[in-house]
Amino acid sequence: MLSVHGRKPAAVVVEPLAKLAIAAGLTPNMVTVIGAVVTTAIAVVLIPAGFLLWAAILSGLFAAFDMIDGTMARLKGGASGFGATLDATCDRITDGALFAAITWWLIYSYDAPKPLIVASLLVLVSSQVISYVKARGEASGLNLVGGLVERPERLIVALAGIGLQGLGVPYAIDFALWILAVGSVFTVYQRISMARRLDSIARKATA
């Protein structure tokens, strides 16, 4: 939802940063890779070590790179096919690293019950599937826009969960993961249903 409705408000902050990055000689692809490397490092180093609050704060800051590179590409005349592919690939890597690191912490530091570990693994897998359904649908000519839990929602809920847990709020990560697990599975269903409906409409239009 936020990927559809949240870009205009964010542009007030993102556009000046994008212009600064261009003035500094950075390219959109460079910003994409830098953001992915730093965000992945934050997740896999800080979360397993138990620095949950710092992981949440720093991950949230560097997640902004995901908007800056796209804005830079637009300001420079439009995104390239390679740039879009690189951006999507880096998003999958950082998402996987975040939820893998959370699952590691649950197992080795939180002494989490098995159902919570299953929920975390479910989020890890379903987050990739949500993006894949969209990409595969678009490759087939279906414009799959929207869904209950897209990437911005996943990041906000997950980082809020680990941040609040780091502040000592009990069961914050538990609530976050269960919300994401249920919401992500529903979003997979939403997008598959959307693909089926759009494909049916397209077939009727060409019949």
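Rules and cut-offs
- Residues numbered from 1 in each chain as written.
- Predicted model: local features only at pLDDT ≥ 70, side-chain atom pairs only at ≥ 80, totals over all residues.
- Heavy atoms only, no water.
- Axes fitted to C-alpha atoms, helices over the stretch in contact; angles between N-to-C directions.
- Helix = DSSP H or I, 4+ residues; strand = E, 2+ residues; numbered from the N terminus.
- Parallel < 35°, antiparallel > 145°, perpendicular 65-115°, else oblique.
- Left-handed = near helix turned anticlockwise from the far one by under 90°.
- Contact = heavy atoms within 4.5 Å.
- Nonpolar A, V, L, I, M, F, W, Y, C, P; charged D, E, K, R; others polar.
- Core = buried A, V, L, I, M, F, W, Y, C linked by side-chain atoms within 4.5 Å.
- Buried < 20%, exposed > 50% of the residue type's maximum accessible area, 1.4 Å probe, protein only.
- Phe/Tyr/Trp six-rings, centres within 6.5 Å; stacked < 30°, edge-to-face > 60°.
- UniProt positions renumbered as here; feature names shortened; annotations may be inferred.

Observations concerning the packing of helix α4 (residues 52-63) against helix α8 (residues 151-166)
Then step 1. Running from amino to carboxyl end, α4 crosses α8 at an angle of 150°, the nearest separation of the two axes being 7 Å. Taken together, the axis directions place α4 and α8 in an arrangement best described as roughly antiparallel. When you trace α4 past α8, the crossing you get is left-handed. Taken together, the residues of α8 that come into contact with α4 (itself represented by L52, L53, A55, A56, S59, G60 and A63) are L155, L159, I162, G163, Q165 and G166.
Then step 2. For the contact of α4 with α8, the per-class residue count stands at eight nonpolar, five polar and no charged.

Overview of the nonpolar core
Then step 1. Of all hydrophobic cores here, the largest spans 27 residues; its most connected members are I47, L98, F99, I102, L106, I162 and I173.
Then step 2. Of all elements in the fold, only α3 (28-49), α4, α6 (81-108), α7 (114-139), α8 and α9 (172-206) reach the threshold of two or more residues within this core.
Then step 3. A total of six residues in this core trace back to one element, the largest contributor, which is α6.
Then step 4. With near-sequence residues (within four places) excluded, I162 lies in contact with I47, L52, L53, A55, A56, I102 and I173.
Then step 5. Core analysis: the second largest hydrophobic core is formed by six residues, V14, A18, A21 and M72 among them.

With respect to the environment of L86
Then step 1. Inspection of the secondary structure puts L86 in helix α6.
Then step 2. Since its relative accessible area comes to 18%, L86 is described here as buried.
Then step 3. Sequence-wise, L86 and T32 are 54 residues apart; in three dimensions their C-alpha atoms are separated by 7.6 Å.
Then step 4. Setting aside anything within four residues of it in sequence, one finds L86 in contact with N29, T32 and V33.

Comments concerning the packing of aromatic side chains
Then step 1. Across all of its chains, the model carries three aromatic pairs by this definition.
Then step 2. Ring plane angle 40° and centroid distance 4.7 Å describe the contact between W104 and Y108, whose orientation is recorded as tilted. Of this pair, W104 and Y108 both sit in helix α6, four residues apart, roughly one helical turn.
Then step 3. By relative accessible area, which is 59% here, Y108 ends up exposed.
Then step 4. Relative to Y110, the ring of W105 has its centre 4.8 Å away and its plane inclined at 20°; by these criteria the two rings are stacked.
Then step 5. Take W105: its relative accessible area is 9%, and that puts it in the buried class.

Describing the UniProt feature "binding site: a CDP-1,2-diacyl-sn-glycerol" (unreviewed entry) in the protein
Then step 1. The UniProt entry lists N29, M30, V31, T32, G70, R74 and S80 under the feature "binding site: a CDP-1,2-diacyl-sn-glycerol" (unreviewed entry), expressed in the numbering used here.
Then step 2. Structurally, G70 is set in helix α5 (residues 65-75).
Then step 3. Structurally, S80 is set in the loop between α5 and α6.

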